[in-house]
Amino acid sequence: MDTHTTDDKFTPEGTSIPPRTGLAPDALPEVQTPIPAENSQTGVSTNYIQSATESRFASVYSSDKNPNAHWYALRATYGQAGKANDYLVSQGVETYYPTIKAFVMVNGKRKKITKSYLLNILFAFGTEKKLKTYVYDNINLPYLRFYYRRETVGREVLRTPLIVPDYQLDNLRKVLADQSGDLVVVPDGEHKFDKGAKVRVIGGSFKGVVGKVARYCGHQRVAIVVDGLLTIATTYIPSAYLEKID
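Computed from a predicted structure; not experimentally measured.

Focus on the environment of Ala69
Then, in step 1: If you trace the backbone, Ala69 turns up in strand β3 (residues 69–76).
Then, in step 2: The spacing of Ala69 and Lys130 is 61 residues in sequence and 9.1 Å in space, taken between C-alpha atoms.

Structural notes on unusual backbone geometry
Then, in step 1: Its identity is not glycine, yet Asn107 carries a phi of approximately 55°, on the positive side.
Then, in step 2: Mapped onto the fold, Asn107 is located in the loop between β5 (99–106) and β6 (109–116).
Then, in step 3: Residue classification places Asn107 among the exposed positions, given a relative accessible area of 77%.
Then, in step 4: Unusually for a residue other than glycine, Leu119 sits at a positive phi of about 55°.
Then, in step 5: The class for Leu119 is buried, based on a relative accessible area of 7%.

What to know about the confidence of the model for the protein
Then, in step 1: Across the protein, pLDDT averages 74, with 71% of residues at or above 70.
Then, in step 2: Confidence over residues 1–64 falls short of pLDDT 50; this stretch has 172 contacts with residues more than four positions distant or in other chains.

With respect to helix α1 (residues 81–90)
Then, in step 1: Taken as a whole, α1 has its buried residues at Ala81, Gly82, Ala84, Asn85 and Leu88. Each buried residue of α1 lies within a common arc of 160° when the element is viewed along its axis, so the set occupies one face.
Then, in step 2: Residues of α1 that are buried sit in contact with β3, β4 (94–97), β6, β7 (121–127), α2 (128–135) and β8 (144–146).
Then, in step 3: A positive backbone phi angle near 85° is found at Gly92, which sits one or two residues after α1.

Quick look at the sheet that holds strand β14 (residues 210–216)
Adjacent strands of a sheet form backbone hydrogen bonds with each other and so pair up, either parallel or antiparallel.
Then, in step 1: Spatial strand order, β12-β16-β15-β14-β13-β17: 6 strands in an open sheet with antiparallel pairing. Both outer strands of the open sheet, β12 (184–187) and β17 (242–244), are each paired with one neighbouring strand and no more. Strand-to-strand twist in this sheet, taken as the mean axis angle between neighbours without regard to direction, amounts to 40°.
Then, in step 2: Across 5 bridges, strand β13 (residues 194–201) lies against β14 in antiparallel orientation. Paired with Lys198 across the strands is Lys212, a residue of β14.
Then, in step 3: Each of β14, β15 (219–226) and β16 (230–233) is contacted by helix α3 (residues 166–176), which is oriented at about 140° to β15, the strand it contacts most.

Observations concerning the packing of aromatic side chains
Then, in step 1: For the coordinates displayed, the defined rule picks out 4 aromatic pairs.
Then, in step 2: When the ring of Trp71 is compared with that of Phe125, the centres are 5.3 Å apart and the planes differ by 55°; the resulting orientation is tilted. On the criterion of sequence distance, the pair formed by Trp71 in strand β3 and Phe125 in strand β7 is long-range, its members being 54 residues apart.
Then, in step 3: Using a relative accessible area of 0% as the deciding quantity, one classes Trp71 as buried.
Then, in step 4: Under the relative-accessibility criterion, Phe125 is labelled buried at 9%.
Then, in step 5: Three or more aromatic residues joined by ring pairs form one cluster here, namely Tyr72, Phe146 and Tyr148.

Section: the pairing of β14
Then, in step 1: The pairing of β14 with β15 spans 5 bridges and is classified as antiparallel. In the sheet register, Tyr216 faces β15, and the bridge partner there is His219.
Then, in step 2: Two successive antiparallel strands, β14 and β15, enclose a turn made up of 2 residues, where Cys217 displays a positive phi of approximately 55°.

Side note on the nonpolar core
Then, in step 1: Ranked by size, the top nonpolar core spans 32 residues in total, and within it Leu118, Phe123, Leu172, Leu176, Leu229, Leu230 and Ile232 carry the most contacts.
Then, in step 2: Elements with a contribution of two residues or more to this core: β3, β7, α3, β13, β15 and β16.
Then, in step 3: Per element, the largest residue contribution to this core is 4 residues, and it comes from α3.
Then, in step 4: With sequence-adjacent residues up to four places away left out, Leu230 is seen in contact with Leu118, Ile121, Leu172, Val186, Pro187, Asp188, Ile224 and Val225.
Then, in step 5: Listed in part, the 18 residues of the second largest apolar core include Ala76, Leu131, Tyr143 and Tyr148.

Quick notes on the rules
Residues numbered from 1 in each chain as written. Predicted model: local features only at pLDDT ≥ 70, side-chain atom pairs only at ≥ 80, totals over all residues. Heavy atoms only, no water. Helix = DSSP H or I, 4+ residues; strand = E, 2+ residues; numbered from the N terminus. Buried < 20%, exposed > 50% of the residue type's maximum accessible area, 1.4 Å probe, protein only. pLDDT = per-residue confidence, 0-100. Contact = heavy atoms within 4.5 Å. Arc of directions from axis to C-beta. Pairing = 2+ DSSP bridges. Axes fitted to C-alpha atoms, helices over the stretch in contact; angles between N-to-C directions. Phe/Tyr/Trp six-rings, centres within 6.5 Å; stacked < 30°, edge-to-face > 60°. Core = buried A, V, L, I, M, F, W, Y, C linked by side-chain atoms within 4.5 Å.

Here's what the structure looks like:
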């Protein structure tokens, strides 16, 4: 049996919107050019403001010819994902760190901050050996951990860092570019959508996304899965924009 865990419990970042109701991005998820996160003692307002940020994600896959290099899912402790991302980038590591802008109250004043979109999750590209030097760096990155794949073989539990396939990360990037505020983000294992046929989106803002037809809150959506990590359902997609895949 496989399970997928971190060294910490998977919990929301203290937002006022629980994962099942969706989160609204303020900017397109970025690759290697992060916006440093700011700290706050309050929750996130639902009043998000949209903006557009160019992503250089497509060039990342070809940046490392080492066949042992992959995308790995990483988990930072509360409020430290931006700091971890900044440090990795400063060391030449290519990262994918989805962020949103949110309004919070700080000392009685309304302030706009940048927050982690996916509950303090970020992704780093490299070999396991190289990334371990950062994950196990308790001086500069004491708050960074791998997500792990746990497999029970007989009485032994094997644990390996969770690799995210390129196509799943590409789907994730496309979906998180949505700016409507009606995405549904659900941690792995907490909720299962009623899923149907496998489809490719051939029109609209989600064009190119591959997933399964799902219904949530009475709307037809497409659910994509990052194995062992989370499931995200798009906003409403009409049937005319879907192409069935065998």
